[in-house]
Amino acid sequence: MPEQLGWIWIMIAVTAGYLIGNIHGSTVAGWLSGVNLKETGVKNAGASNAAIVLGKKFGALVAAIDIGKGVAAVLLARWISQAIGLGPEAGALLVFSMSALTILGHNFPFHMRFNGGKGTATVIGVLLGFDWKIGLVGLALLILVSLVTDFLVFGVLMLYVTFTVTAVFLAPGIGPDLIAIGLFAMAVWKHVENFRRMRAGEENRVSSVFGRKKAA
């Protein structure tokens, strides 16, 4: 296939990735509960806020939807890569680009005025799509670091670290590395408000979600 046509398909794929990312589990939770997660709790459209505001069942529902779209993005990107005959480097660039745009679509959805979630569940889905073992490693780090620190934000950042390590060591070419570094920087920026609340003693602790103790 001509190189220019390959790049056209890559652009189509990453656009599709962004649109997939716009499918929000929080929107479904809002329909079922009548609660707008963007207007309550920590005013975030992710699974953690759903769990805080609506309970663990709604948190699990939002997480399942957002994880599923991450897995779907990777599988679709791989299918497109094989269908148009991309080589290993171009194929990896397509997969990481589409994955990144799905995460960005979740974090910056057009129908929420580009102010969505933090990408936690979607990153888990992307990692599972890469390889279920990588996904489990990322999930284990998320849980372990969150429990040890008692703050979800540190566990979430470990997911982005896992994404970056995967890009650097398992994906050919420099493109995936740059994408991963950019996503990690975005994740830190998206959590600035969490760090501010931590300094003020107002950030929800992991233990408070499960009712073991109050937030500091």
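Residues numbered from 1 in each chain as written. Predicted model: local features only at pLDDT ≥ 70, side-chain atom pairs only at ≥ 80, totals over all residues. Heavy atoms only, no water.

### Details of the overall build of the protein chain
1) Next: Counting its secondary structure elements, the protein chain contains 11 helices and zero strands.
2) Next: Each helix (α) and strand (β) of the protein chain, taken in turn from the N terminus, gives the series α-α-α-α-α-α-α-α-α-α-α.
3) Next: Computed over its C-alpha atoms, the radius of gyration of the protein chain comes to 17 Å, within 12% of the 17 Å expected for a compact globule of 216 residues.
4) Next: With respect to the principal axes defined by its C-alpha atoms, the protein chain has extents near 60 × 35 × 25 Å.
5) Next: The 216 residues of the protein chain split such that 46% are buried.
6) Next: The long-range share in the protein chain, meaning contacts at least 24 apart out of those at least 6 apart in sequence, stands at 65%.
7) Next: For the protein chain, the exposed surface amounts to about 10,700 Å²; the carbon and sulfur share of it is 69%.
8) Next: Between the averaged position of the 17 positive side-chain charges in the protein chain and that of its 10 negative side-chain charges there is a distance of 11 Å. (Helix = DSSP H or I, 4+ residues; strand = E, 2+ residues; numbered from the N terminus. Rg over C-alpha atoms; globule rule 2.2 N^0.38 Å. Buried < 20%, exposed > 50% of the residue type's maximum accessible area, 1.4 Å probe, protein only. Contact = heavy atoms within 4.5 Å. Areas by Shrake-Rupley, 256 points an atom, 1.4 Å probe, with all protein chains shown as cover. Lys, Arg positive; Asp, Glu negative; His and termini not counted. Charge placed at Lys NZ, Arg CZ, Asp CG, Glu CD.)

### Notes on the packing of helix H2 (residues 25-33) against helix H4 (residues 56-83)
1) Next: Where H2 meets H4, the closest approach of the two axes is 8 Å, and the angle between their N-to-C directions is 145 degrees. The hand of the H2/H4 crossing is right-handed. Taken together, the residues of H4 that come into contact with H2 (itself represented by Gly-25, Ser-26, Val-28, Ala-29, Leu-32 and Ser-33) are Phe-58, Leu-61, Val-62, Ile-65 and Asp-66.
2) Next: Across the contact of H2 with H4, the residue classes tally to seven nonpolar, three polar and one charged. (Axes fitted to C-alpha atoms, helices over the stretch in contact; angles between N-to-C directions. Left-handed = near helix turned anticlockwise from the far one by under 90°. Nonpolar A, V, L, I, M, F, W, Y, C, P; charged D, E, K, R; others polar.)

### Section: the packing of aromatic side chains
1) Next: Scanning all chains against the criterion turns up five aromatic pairs.
2) Next: Geometrically, the ring pair formed by Phe-108 and Trp-189 is stacked, given 6.1 Å between the ring centres and 25 degrees between the ring planes. Of this pair, Phe-108 sits in the loop between helix H5 (88-107) and helix H6 (120-130) while Trp-189 sits in helix H9 (residues 175-190); the two residues are 81 residues apart in sequence, bridging distant segments of the chain.
3) Next: Look at Trp-189 and you get exposed, because its relative accessible area is 57%.
4) Next: Judged by centre distance (6.1 Å) and plane angle (50 degrees), the rings of Phe-154 and Phe-195 are tilted. Taken together, the residues Phe-154 in helix H8 (residues 152-170) and Phe-195 in helix H10 (residues 192-199) connect sequence positions 41 residues apart.
5) Next: Here Phe-154 falls in the partly exposed class, since its relative accessible area comes to 29%.
6) Next: Phe-195 sits in the partly exposed class, given a relative accessible area of 25%. (Phe/Tyr/Trp six-rings, centres within 6.5 Å; stacked < 30°, edge-to-face > 60°.)

### Describing the pattern of salt bridges
Close approach of charged atoms allows side chains with opposite charge to pair.
1) Next: Taken as a whole and assessed by the stated rule, the structure comprises five salt bridges.
2) Next: In this structure, the salt-bridge partner of Arg-205 is Asp-150, at a minimum N-O distance of 3.6 Å. Taken as a pair, Arg-205 in the loop between H10 and helix H11 (206-209) and Asp-150 in the loop between helix H7 (132-149) and H8 lie far apart in primary sequence, 55 residues in all.
3) Next: The partly exposed category is assigned to Arg-205, whose relative accessible area is 21%.
4) Next: Among the residues examined, Asp-150 registers a relative accessible area of 8% and is labelled buried.
5) Next: We note a salt bridge from Arg-196 to Glu-193, for which the minimum N-O separation is 3.6 Å. Placement of both Arg-196 and Glu-193 in helix H10 is noted, with a separation of three residues, approximately one turn of the helix.
6) Next: On the basis of relative accessibility, which here comes to 41%, the residue Glu-193 falls in the partly exposed class. (Salt bridge = Lys/Arg side-chain N within 4 Å of Asp/Glu carboxyl O.)

### Digging into the side chain of Ser-81
1) Next: Checked against the element boundaries, Ser-81 lands in helix H4.
2) Next: For Ser-81, a relative accessible area of 9% corresponds to the buried category.
3) Next: When near neighbours in sequence (up to four residues on either side) are disregarded, Ser-81 contacts Leu-86, Gly-91 and Leu-94.

Any functional reading would require information that these geometric values do not contain.
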